[in-house]
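Chain and residue survey
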Amino acid sequence: ESGLCQCILFACLRGMNPFLRAVVREGTGTKAPFGNWCLGGKTGTSQDYRDAWFVGFTPYLTAAVWLGNDDNSPTKDVTGGSLPAQMWRDVMEPAHRGLKWLPLPGDTNAPQVSAQAQTANPESNDRPKSLFELLFGKSKSAQQQNTGLY
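Below or above, wherever it landed, is the structure these notes cover. Owing to the predicted nature of the structure, the values given are computational and were not obtained by experimental measurement. Per chain, residue numbering runs from 1 following the sequence as it is written. Restriction of local features to residues with pLDDT of at least 70 applies here, the model being predicted, together with a cutoff of 80 or more for giving and counting side-chain atom pairs; totals for whole chains, interfaces and linings are based on all residues. The basis for every side-chain value is the complete set of heavy atoms in the structure, and neither hydrogens nor water enter the calculation.

Let's talk about the packing of aromatic side chains
Note on aromatic contacts: the rings of Phe and Tyr and the six-membered ring of Trp form a pair at centre separations within 6.5 Å, being stacked when their planes are under 30 degrees apart, edge-to-face when over 60 apart, and tilted otherwise. Here the structure, examined in full by the defined rule, presents four aromatic pairs. Ring plane angle 45 degrees and centroid distance 6.5 Å describe the contact between Phe-34 and Trp-37, whose orientation is recorded as tilted. Aromatic pair Phe-54 and Trp-88: ring centres 5.3 Å apart, planes at 70 degrees, arrangement edge-to-face. Here Phe-54, found in strand 2 (residues 51-57), pairs with Trp-88, found in helix 2 (residues 83-95); they are 34 residues apart in sequence, far enough to count as distant. Taken together, the ring pairs in this structure connect Phe-34, Trp-37, Phe-54, Tyr-60 and Trp-88 into an aromatic cluster. Where helices and strands are cited, they refer to DSSP runs of H or I of at least four residues and of E of at least two residues respectively, numbered from the N terminus.

This is the structure:
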């Protein structure tokens with residue numbers, strides 16, 4: 001057993017999906033979508049542009065991007081729908097290469113896509129092997145794996 005469990009009722013999830021999908025289709029997160037993937041997300045920007053974030057999800061992955069300064073000073077007008085949403089897309093798009101299209105969990109009325117659009121480059125050899133490789137462009141060596149140093 002994996003130890004994972006369902007943490008939200010499907011009825012609640014089904015009720016939230018339209019709101020979170022609208023954020024990326026017509027709201028502040030329009031820089032996040034890629035391909036034909038169903039996804040949802042939420043942007044955020046704190047007072048004086050000190051923090052900006054985008055949290056997004058697909059049927060396969062959930063990730064968050066936060067930008068801000070360590071000294072709590074304002075950024076240069078960065079909002080959650082700008083750089084954080086773009087960075088999220090730039091990581092998630094290659095991470096989904098070759099994966100079969102699925103609707104969002106709990107979404108029984110998701111728009112259907114054609115069989116051709118259901119996969120993106122399924123035979124692609126340039127698919128990252130890990131999130132580390134996706135972010136840093138190379139695999140960790142055996143020596144680095146247990147050191148915590150990247």
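Here we look at the nonpolar core
Only buried Ala, Val, Leu, Ile, Met, Phe, Trp, Tyr and Cys residues count toward a nonpolar core, and they belong to the same one when joined by side-chain atoms within 4.5 Å. Accessibility here uses a 1.4 Å probe with only protein chains present; expressed as a share of the type maximum, an area under 20% marks a residue as buried, one over 50% as exposed, and anything in between as partly exposed. Counting residues in hydrophobic clusters, the biggest one holds 15 residues, and the most contacted among them are Val-24, Ala-32, Phe-34, Trp-37, Leu-39, Phe-54 and Trp-88. Of all the secondary structure elements, the ones that give two or more residues to this core are strand 2 and helix 2.

Focus: the environment of Pro-103
Checked against the element boundaries, Pro-103 lands in the loop between helix 2 and helix 3 (131-136). What makes Pro-103 partly exposed here is its relative accessible area of 29%. Pro-103 sits 64 residues away from Leu-39 along the chain, and the two C-alpha atoms are 8.4 Å apart.

Some words on helix 2
For helix 2, with 13 residues, the first-to-last C-alpha span of 18 Å sits near the 18 Å given by 1.5 Å per residue. Within helix 2 the residues assigned to the buried category are Pro-84, Ala-85, Trp-88, Met-92, Pro-94 and Ala-95. The span you would expect from a helix comes to 1.5 Å times its residue count less one.

Focus on the environment of Ser-73
Here Ser-73 lies in the loop between strand 3 (62-68) and helix 2. Under the relative-accessibility criterion, Ser-73 is labelled partly exposed at 23%.

Quick notes on the pattern of salt bridges
A pairing counts as a salt bridge when a side-chain nitrogen of Lys or Arg comes within 4 Å of a carboxyl oxygen of Asp or Glu. In this structure the tally under the stated criterion is two salt bridges. In this structure, Asp-48 and Arg-50 form a salt bridge, with 3.6 Å as the shortest nitrogen-oxygen distance. For Asp-90, the salt bridge identified is with Arg-89, shortest N-O distance 3.3 Å. Here Arg-89 falls in the partly exposed class, since its relative accessible area comes to 22%.

Some words on the pairing of strand 1 (residues 40-45)
Each pair of strands is called paired provided DSSP finds at least two bridges between the two strands. Where strand 1 meets strand 2, six bridges bridge the pair, whose relative direction is antiparallel. Its bridge partner being in strand 2, Gly-44 is matched across the sheet by Trp-53. What sits between the antiparallel neighbours strand 1 and strand 2 is a turn of five residues, in which Asp-48 has the positive phi angle 55 degrees.

Description of the pairing of strand 2
Bridge count for strand 2 against strand 3 is seven bridges, and the pairing is antiparallel. If you follow Asp-51 over to strand 3, its bridge partner there is Gly-68. Taking the residues between adjacent antiparallel strands as the criterion, strand 2 and strand 3 are bridged by four residues.

Examining a nonpolar patch on the surface
On the surface, Trp-53, Val-55 and Trp-66 cluster together into a nonpolar patch covering about 280 Å² of accessible area. Position of Trp-53 among the secondary structure elements: in strand 2. Only residues above 30% relative accessible area that lack a salt bridge enter a patch, with like-charged residues linked at up to 9 Å and the nonpolar side chains Val, Leu, Ile, Met, Phe, Trp and Tyr linked at up to 5 Å. Each accessible area is a Shrake-Rupley estimate made with a 1.4 Å probe; only the visible protein chains count as cover when residues are assessed.

So, the side chain of Thr-75
One can find Thr-75 in the loop between strand 3 and helix 2. On the basis of relative accessible area, Thr-75 is assigned to the buried category, the value being 16%. Here a polar contact is recorded for every N or O atom pair within 3.5 Å, except that within protein the pair must consist of a potential hydrogen donor and a potential acceptor, and residues adjacent in sequence are included only if both atoms are side-chain atoms. At 3.2 Å, the side chain of Thr-75 forms a polar contact with the backbone nitrogen of Val-78. Only heavy atoms enter the contact rule, under which two residues are in contact if any of them lie within 4.5 Å. Every residue in contact with Thr-75, bar those within four places of it in the chain, is listed here: Asp-48, Tyr-49, Arg-50, Gly-68 and Asn-69.

All we've got here are geometric facts, nothing functional implied.
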